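Chain and residue survey
Listed below, chain by chain, are the residues.
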Amino acid sequence: MIKGRFGAILAAFLVLASALPAAAEGGPEAALIAAVNAERAGAGLATLVPEARLACAARAHARDLAASGRFSHAGSNGGDLTERLAAAGYPYAMAAENLALAGAEAAEVVALWRASPGHARNMRAAGARAAGAARERSTDGRYLWVLVVGAERAKTAGFKPFSGKCAGNRG
């Protein structure tokens, strides 16, 4: 067993390398989750599994921001991550959201987040178990990225089952 910094770097590389074919098949969103998982592996954290309801929340927010020309954790209707997760039917024990206005490559986005303490903390949230991501073109032609990480809690009254389709919610 390889230990120390080299071992962590090797583990991150192996996670990323094993995810590349899947990321290519799943597009930029899968590539972003693979890059985040490589970052997490380097920190000795569990891999996040892709989650459709988190992807739905991320996609709804990315589309809203792209359409409105805004860049904020608040949606155009004032809604926040909590409301987006409820609309997607995801009862969470923990959740966090990262945004980026950057280039087309997932690795560039993760590098930006790594350099920001708050974004790095969200990517490396030890309690996170799943992730959803979205990428849309902003009004100025750059890419708008949204990552939502979370851990589900037991389903409770008031949360509808996920239909497999994203609601047309904005914000």
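The rules behind these values
Residues numbered from 1 in each chain as written. Predicted model: local features only at pLDDT ≥ 70, side-chain atom pairs only at ≥ 80, totals over all residues. Heavy atoms only, no water. Helix = DSSP H or I, 4+ residues; strand = E, 2+ residues; numbered from the N terminus. Contact = heavy atoms within 4.5 Å. Salt bridge = Lys/Arg side-chain N within 4 Å of Asp/Glu carboxyl O. Buried < 20%, exposed > 50% of the residue type's maximum accessible area, 1.4 Å probe, protein only. Pairing = 2+ DSSP bridges.

The next point concerns the side chain of Arg 40. Looking at the secondary structure, you find Arg 40 in helix H1 (residues 4–42). Excluding residues that lie within four positions of it along the chain, Arg 40 makes contacts with Leu 45, Ala 46, Leu 48, Met 123, Arg 124, Ala 125, Ala 126 and Ala 128.

Moving on, we get to the pattern of salt bridges. Counted by the stated rule, this structure contains seven salt bridges. Across the pair Glu 136 and Arg 63 runs a salt bridge, and its minimum N-O distance is 3.4 Å. Pair noted here: Glu 136 is in strand E3 (residues 130–137) and Arg 63 is in helix H2 (residues 52–68), with a separation of 73 residues, a long-range link. Judged by its relative accessible area of 24%, Glu 136 falls in the partly exposed class. The class for Arg 63 is partly exposed, based on a relative accessible area of 47%. Where salt bridges share partners, they join Glu 39, Arg 114 and Arg 124 into one cluster.

What follows concerns the pairing of strand E4 (residues 143–152). The buried count for E4 comes to nine of 10 residues, which makes it a mostly enclosed element. As defined by bridge partners, strand E2 (residues 92–102) adjoins E4 across 10 bridges and the pair is classed as antiparallel. Note on E4: the bridge partner recorded for Leu 99 is Val 146. In this structure, E3 lies alongside E4, joined through eight bridges in antiparallel fashion. Across the sheet, the residue bridging to Arg 137 is Tyr 143, located in E4. Hairpin remark: E3 followed by E4, antiparallel, with five residues in the connecting loop; positive phi at Gly 141, about 90 degrees.

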